[in-house]
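A look at the structure
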Amino acid sequence: GIVLGVLGSGAATVAAYTGGALSVAAIVVAAFLLGSCYGILLGSGLASVEKLSPEDELAQTVALFYCLIYVGFAVPFVISLLAPHVGYAACFAGAALLMLVSVAVGRKATDPHLTPR
């Protein structure tokens, strides 16, 4: 899912800095990649929550997961606020970097071989 998000950010950058048919094609590709990213991450996140949560805390954990994932809906708004000041390329690169950092942090937190004992 993260790979699709990073690729989608790249396609969105192409859409922002080109015109004509290339821009339209990049928008379609970005929409497909970013939508797929969101769907995959939502589904796999819910599966992970179900697997990791104690049965008596599942409802609360799923509710918290949904609260956190819905924050992602604000990303386009934040990009629209930042882009006039730093540019679309910087915004999309920053989003891609945040996605990659989140993978590193998540892996460290969940991989028993990477966590200190």
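Notes on the structure follow. Quick caveat, the model's predicted, so the values are computed rather than measured. (Residues numbered from 1 in each chain as written. Predicted model: local features only at pLDDT ≥ 70, side-chain atom pairs only at ≥ 80, totals over all residues. Heavy atoms only, no water.)

Quick notes on helix 5 (residues 88-110)
The terminal C-alpha atoms of helix 5 lie 33 Å apart, and with 23 residues this matches the ideal 33 Å at 1.5 Å per residue to within 8%. Burial in helix 5 covers these residues: C91, F92, A95, A96 and M99. Packed against the buried residues of helix 5 are helix 1 (2-17) and helix 4 (75-86). (Helix = DSSP H or I, 4+ residues; strand = E, 2+ residues; numbered from the N terminus. Expected span 1.5 Å × (residues − 1). Buried < 20%, exposed > 50% of the residue type's maximum accessible area, 1.4 Å probe, protein only. Contact = heavy atoms within 4.5 Å.)

Overview of helix 2 (residues 20-52)
For helix 2, with 33 residues, the first-to-last C-alpha span of 47 Å sits near the 48 Å given by 1.5 Å per residue. Among the residues making up helix 2, those that are buried are S23, A26, A30, L33, C37, L42, G45 and V49. Elements that come into contact with the buried residues of helix 2 comprise helix 1 and helix 3 (58-70).

Some points on the packing of aromatic side chains
For the structure on display, the rule yields five aromatic pairs. With centroids separated by 5.2 Å and ring planes inclined at 25 degrees, the aromatic side chains of Y70 and F73 adopt a geometry described as stacked. With a centroid separation of 6.0 Å and an interplanar angle of 25 degrees, the aromatic rings of Y88 and F92 are classed as stacked. One end of the pair is Y88 and the other is F92, both in helix 5 and four residues apart, which spans about a single turn. Here the aromatic residues Y38, F65, Y66, Y70 and F73 are joined through ring pairs into a cluster of three or more. (Phe/Tyr/Trp six-rings, centres within 6.5 Å; stacked < 30°, edge-to-face > 60°.)

Some details on the nonpolar core
Counting residues in each nonpolar core, the largest one holds seven residues, listed as A11, A12, A30, I79, A83, C91 and F92. When residues of this core are traced back to their parent elements, those giving at least two are helix 1, helix 4 and helix 5. In this view, A30 contacts G8, A11, A12 and G35; residues no more than four positions away in its chain are not counted. (Core = buried A, V, L, I, M, F, W, Y, C linked by side-chain atoms within 4.5 Å.)

Some details on the side chain of S23
Within the fold, S23 resides in helix 2. Discounting chain neighbours no more than four positions away, the residues touching S23 are A15 and T18.

Thoughts on the packing of helix 2 against helix 3
At their nearest, the axes of helix 2 and helix 3 sit 10 Å apart, and the two run at 155 degrees to each other. Between helix 2 and helix 3, the interaxial angle falls into the category roughly antiparallel. Like other packed secondary-structure pairs, helix 2 and helix 3 cross with a definite hand, here right-handed. Two secondary-structure elements touch here, helix 2 through Y38, L41, L42, G45, L46, V49 and E50 and helix 3 through L58, T61, V62, F65, Y66, I69 and Y70. Counted by class, the contact of helix 2 with helix 3 contains eleven nonpolar, two polar and one charged residues. (Axes fitted to C-alpha atoms, helices over the stretch in contact; angles between N-to-C directions. Parallel < 35°, antiparallel > 145°, perpendicular 65-115°, else oblique. Left-handed = near helix turned anticlockwise from the far one by under 90°. Nonpolar A, V, L, I, M, F, W, Y, C, P; charged D, E, K, R; others polar.)

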